[in-house]
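Letter by letter, the chains look like this.
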Amino acid sequence: MVLTCSRYLQMTQPDLIIKNARVLSSTDDQIADIAIAGEKIVSIGRVESGTARIIDAKGLIATPGGVDVHAHIEQMSGMGLMNADTFETATRSAALGGTTTVVSFAPQTSAPRLLDAVEDYAARARRGAYIDHAFHIILNDMTSPNVVEDLKSLIAAGHRSIKVFTTYNIQLSDRDLCDVLAIAKDAGALVCVHAENDGLIGWTKDRLLQTGKTAPRHHALSHPRLAEIEAVERLIRFAEFFATPVMLFHISTVEAVEAIRKARARGVSVWAETCPHYLFMTSDVLDRPGIEGAKWMCSPPQRTQADQAALWEGLDDGTLDLVSSDHAPYRFDTTGKLSNGTDVDFSKIANGLPGLEVRMPLMFDAMLTGQIGSKSFVAMCCTLPASIHGLGAKGDIQHGFDADIVLWDPNAQTTYGENDLHDNVGYNPWVGRTVRGAPSTVLLRGQTIVENGSLVGDPGTGQWIARPHMGVSTNAQPALEYVEATK
Ligand code: DUC
Ligand code: ZN
Ligand code: ZN
């Protein structure tokens, strides 16, 4: 029996039971049943059927729904180009790839007032999203009217992460970064950073272009690895001074992994993510003839095999916490990558590649091939993204968690084609790659949104998730102590 107390039994009688799956959670890998009542998981183990609907999952693998905490949706590029996906197209592709929660961005630039910018994105997602969602608030101008007041009230209302850049023409000054970190610490928000040194990139890019090195493959060279290393090391020092955590986005180099490892060893609270295109691709993807390599252009760029090895090692020893897609969708046509024509230098081509639909399958395949363990797969793709970003009921198969569950067919095998993703990008950067395992059924809060590999959910059923602030900080305040101790 699931439950013994009869009053409790009435309250939590399951209405859906997934039977005989191999259930992977952050703590277990076992053959079990999962009982679901309403939107929640109420039991994992051996469950009597009663009157509940049954999904027979013998031979299937049940994992938590994917939690992708870094995706660009309906967002303007650095060059002022709207990306290719709406919330509807991005999240249907996410759902079909086994992702049930996404954190995308609400950029300050989308309205004169920060409150309105965030509400604008919330409304877009309310209309279109198939899956649950939240937003990182992108800050690029700390002088705009009411920005501090709006930021504090947004954090209090459940938007508890901020994204800042050190490059891309929307970087904050060091001085403004200090204000953001101080506010985040007081209000309990997490600051996430695109960390690459703008000057090193700008200077290198100009020299490459001046010497006729203009092809997509030169884009990778225009983002020297030292640009990432320098910015990561500096951000760690800022986190240390304010004793407040930072999340370093899309780590791509050996040296950045090592800097994070050392920082953690001396007690700095720094979290870090990497992405499938750094784990599975190297910079030679850009070496196609003509402009073709533009399809794979992103920042930071793909690196070397040695970097890949360091990233896997970083995930293995916990230096890197999680894997996000950094989904940044641009079509390979005049609305996207080729908006400035086909005879252009790399600096005129939008950066980014689609990833929402492939992140989970690529990592699931890495689990089936033994590259990562089953609990690690769950931790880095579901549980840690959720817990680090304040999505408390997401990302695990445990009593009381949201019933966001993917049933994978481990015997399915897919070789990606040119245009088989369900976003609005029109090409698949993973074309030719074979992955084992495919999501056949996806549940979002107990409702089936993907059945036999087909979308059956509705746009607009995804809900915004209010995220509690990180709590009043009780840790050291070195920045304030420094000021106070100064006579
Ligand atoms: N890099 C980013 O940091 N964001 C979007 C696209 C990209 O390539
Ligand atoms: Zn970035
Ligand atoms: Zn990004």
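All figures in this text were calculated on a predicted structure; none of them were measured in a lab.

Cut-offs used in this document
- Residues numbered from 1 in each chain as written.
- Chains lettered and ligands numbered in written order.
- Predicted model: local features only at pLDDT ≥ 70, side-chain atom pairs only at ≥ 80, totals over all residues.
- Heavy atoms only, no water.
- Donors = N, O, S within 2.8 Å, 3.2 Å for Na, K, Ca; no water.
- Buried < 20%, exposed > 50% of the residue type's maximum accessible area, 1.4 Å probe, protein only.
- Pairing = 2+ DSSP bridges.
- Helix = DSSP H or I, 4+ residues; strand = E, 2+ residues; numbered from the N terminus.
- Axes fitted to C-alpha atoms, helices over the stretch in contact; angles between N-to-C directions.
- Parallel < 35°, antiparallel > 145°, perpendicular 65-115°, else oblique.
- Left-handed = near helix turned anticlockwise from the far one by under 90°.
- Contact = heavy atoms within 4.5 Å.
- Nonpolar A, V, L, I, M, F, W, Y, C, P; charged D, E, K, R; others polar.
- Salt bridge = Lys/Arg side-chain N within 4 Å of Asp/Glu carboxyl O.

Caption draft 1: Representation of the coordination of the zinc ion (ligand 3) within the structure. Those protein atoms acting as donors to the zinc ion (ligand 3) are His 70 (NE2), His 72 (NE2) and Asp 326 (OD), and they sit at 2.0 to 2.2 Å. Coordination of the zinc ion (ligand 3) draws on donor residues from a single chain, spaced H-x1-H-x253-D in sequence. You can call His 72 buried: its relative accessible area is 13%.

Caption draft 2: How the structure looks around the pairing of strand 2 (residues 29-37). Note that strand 1 (residues 16-24) and strand 2 share seven bridges and pair antiparallel. Following the sheet pairing, Arg 22 is matched in strand 2 by Ile 31. Hairpin remark: strand 1 followed by strand 2, antiparallel, with four residues in the connecting loop. One ladder, built from five bridges, connects strand 2 with strand 3 (residues 40-45); its direction is antiparallel. Bridge pairing links Ala 37 to Lys 40 in strand 3. In this structure, the hairpin formed by strand 2 and strand 3 is closed by a connection of two residues, where Gly 38 is found at a positive phi of approximately 60°.

Caption draft 3: Structural context of the packing of helix 2 (residues 87-96) against helix 3 (residues 114-128). Packing of helix 2 against helix 3 brings their axes to within 8 Å, and their N-to-C directions diverge by 55°. Taken together, the axes of helix 2 and helix 3 lie oblique to each other. Here helix 2 and helix 3 pass one another in a crossing that is right-handed. Packed against helix 2, whose contacting residues are Phe 87, Glu 88 and Thr 91, the element helix 3 presents Tyr 121, Arg 124, Ala 125 and Gly 128 at the interface. Its residues placed into classes, the contact of helix 2 with helix 3 shows three nonpolar, two polar and two charged.

Caption draft 4: View of the packing of helix 3 against helix 4 (residues 147-156). Contact geometry for helix 3 and helix 4: axes closest at 8 Å, N-to-C directions at 40°. One finds that helix 3 runs oblique with respect to helix 4. Residue-level contacts link Leu 114, Leu 115 and Val 118 of helix 3 to Val 147, Asp 150, Leu 151, Ser 153 and Leu 154 of helix 4. Across the contact of helix 3 with helix 4, the residue classes tally to six nonpolar, one polar and one charged.

Caption draft 5: Region of the structure containing the pattern of salt bridges. The full count for this structure, using the stated rule, is 28 salt bridges. Here Asp 33 and Lys 19 are joined by a salt bridge, their closest N and O atoms 3.1 Å apart. Of the two residues, Asp 33 sits in strand 2 while Lys 19 sits in strand 1, which places them 14 residues apart along the sequence. You'll find Asp 33 and Lys 19 in the same group, each marked buried.

So yeah, pure geometry; function would need other evidence.
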